Amino acid sequence: MATIRMPDTVPSPSQDCESLRKAVQGLGTDEKAIIRILGHRNASQRKKIRDTYQQLYNESLIDRLHSELSGDFRKAVILWTYDPAERDAKLANEALNAKNKTTNELQVIVEIACANSPQHLLAVRQAYCSLFDCSLEEDIASQAPLPLRKLLVGLVSSYRYDKEQVNMNISISEASKLHEAIKRKQLDHDDIVYVLSTRNVYQLRAMFECYQQNFGNPIDQDIKSCGNGVLESLLRVVIWCIQSPEKHFAEVIRNSISGLGTDEGSLTRAIVTRAEIDTMKIRGEYFNIYKTNLDGEVIGDTSGDYKDFLMTLLGAKI
């Protein structure tokens, strides 16, 4: 369930553009107005605002926001203002161009491939081609570390059947195949890549249950016992994103705000990318797992306009 709050009467795109124009003209910027408008519009409405702003003022709204805002607030607002597929394409490209391609960076690609609909993944791949003049698969093959290429290319190349269909015989058979590969610590085995990148989520969830019933441990626990490398970590993220995306993103948020300092990039990504999908469920899972309120944690680790914008996406009345 989404958390963004829509006004009872939504102004026309032209009216919103006029208000945004006033917010960014003259001395200073009215950040509160930007939050009030963009933070309460869905993806379709934001697209109309972007298009209308370009038509009215012969200027990109994204470019104007970039010049007027700063810091983590600017990054969050711009990510939110992008079309969702374009936003995820840019996040994937940023992850692939990171100097240190750790789990924290590369899990972005897993999230895009495994925690969204097949239609969204296809739209991201199309957007990636338009933005970067090559395919997402090509960039993964040339930039991802060798042990991870097969898995990541398989995940982003898939187009999963999205109806609830389960064949228990297949679940039992494939649970055995994956158990054998994991027991041998062959985590890049073709069977693992094939099963995780092609089966629909309902089939995979049934297979995960068969695995635990037949072999005693959850599949992610057995993978963890193979080692602490990036491949092991990413495979566990694949399983979490398929099994329970809300639990995965609850953990992403927790990790971003625990310890010294805040990982604003991960915190922003988790809230911005899921605000129109399942942030209400993420909030519930956060409380179930950590016995504390997600909203209070975000408020305690952020400040200023950045905090207000994230809380607006979480459904708070700012």
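- For the protein chain, the name recorded in an unreviewed UniProt entry is Annexin, with Manihot esculenta as its organism.

**Some points on the overall build of the protein chain**
- If you tally the helices and strands in the protein chain, you get 20 helices and zero strands.
- Against the compact-globule benchmark of 20 Å for 318 residues, the protein chain has a radius of gyration of 21 Å, which places it among compact chains.
- For the protein chain, the spread of C-alpha atoms along the principal axes amounts to about 65 × 45 × 40 Å.
- If you take every contact in the protein chain between residues at least 6 apart in sequence, the share linking residues at least 24 apart comes to 71%.

**A closer look at the pattern of salt bridges**
- On inspection of all chains with the given rule, the structure shows 18 salt bridges.
- Across the salt bridge formed by R199 and E174, the nearest N and O atoms sit 2.7 Å from each other. Of this pair, R199 sits in the loop between α12 (190–198) and α13 (201–215) while E174 sits in helix α11 (residues 168–183); the two residues are 25 residues apart in sequence, bridging distant segments of the chain.
- R199 gets classed as partly exposed once you look at its relative accessible area, which sits at 22%.
- Using a relative accessible area of 6% as the deciding quantity, one classes E174 as buried.
- Here R184 makes a salt bridge to E180, at a shortest N to O gap of 3.0 Å.
- Judged by its relative accessible area of 54%, R184 is exposed.

**As for the UniProt feature "binding site: Ca(2+) 1" (unreviewed entry) in the protein chain**
- When the UniProt feature table is mapped onto this chain numbering, "binding site: Ca(2+) 1" (unreviewed entry) sits at G26, G28, E68, G261, D301 and T302. A stretch of 277 residues holds the annotated residues, and the largest C-alpha distance among them is 34.8 Å, long enough that they do not meet in one place.
- Along the chain, G261 falls in the loop between α16 (245–257) and α17 (264–274).
- Beyond its immediate chain neighbours, meaning those up to four positions away, G261 contacts S256 and D301.
- Within the element layout of this structure, D301 appears in helix α19 (residues 294–301).
- Look at D301 and you get partly exposed, because its relative accessible area is 30%.
- Once residues within four sequence positions are removed from consideration, D301 is found in contact with I257, G261 and T262.

**Looking at the environment of D222**
- Turning to its location among the elements, D222 is positioned in helix α14 (residues 219–224).
- When the C-alpha atoms of D222 and F249 are compared, they prove to be 22 Å apart, with 27 residues separating the residues in sequence.
- Leaving out residues up to four positions away in the same chain, D222 has contacts with H179, I182, Y211 and N217.
- Separated by 2.8 Å, the side chains of D222 and Y211 make a polar contact.
- At a separation of 3.0 Å, a polar atom in the side chain of D222 contacts the side chain of N217.

**Description of the side chain of N93**
- For N93, the position within the fold is in helix α6 (residues 84–96).
- With residues near it in sequence (within four places) discarded, N93 still touches Y128, F132 and D139.

**Structural notes on the packing of α17 against helix α20 (residues 304–313)**
- Two elements in contact, α17 and α20, have axes whose closest approach is 9 Å; the angle formed by their N-to-C orientations is 30 degrees. By the criterion of interaxial angle, the relationship of α17 to α20 is roughly parallel. Handedness of the crossing formed by α17 with α20: left-handed. On the side of α17, the interface is formed by E264, L267, T268, I271 and V272, while α20 contributes Y306, L310 and L313.
- Looking at side-chain class alone, the contact of α17 with α20 contains six nonpolar, one polar and one charged residues.

Parameters at a glance
- Residues numbered from 1 in each chain as written.
- Predicted model: local features only at pLDDT ≥ 70, side-chain atom pairs only at ≥ 80, totals over all residues.
- Heavy atoms only, no water.
- Helix = DSSP H or I, 4+ residues; strand = E, 2+ residues; numbered from the N terminus.
- Rg over C-alpha atoms; globule rule 2.2 N^0.38 Å.
- Contact = heavy atoms within 4.5 Å.
- Salt bridge = Lys/Arg side-chain N within 4 Å of Asp/Glu carboxyl O.
- Buried < 20%, exposed > 50% of the residue type's maximum accessible area, 1.4 Å probe, protein only.
- UniProt positions renumbered as here; feature names shortened; annotations may be inferred.
- Polar contact = N/O pair within 3.5 Å; in protein donor to acceptor, adjacent residues only side chain to side chain.
- Axes fitted to C-alpha atoms, helices over the stretch in contact; angles between N-to-C directions.
- Parallel < 35°, antiparallel > 145°, perpendicular 65-115°, else oblique.
- Left-handed = near helix turned anticlockwise from the far one by under 90°.
- Nonpolar A, V, L, I, M, F, W, Y, C, P; charged D, E, K, R; others polar.

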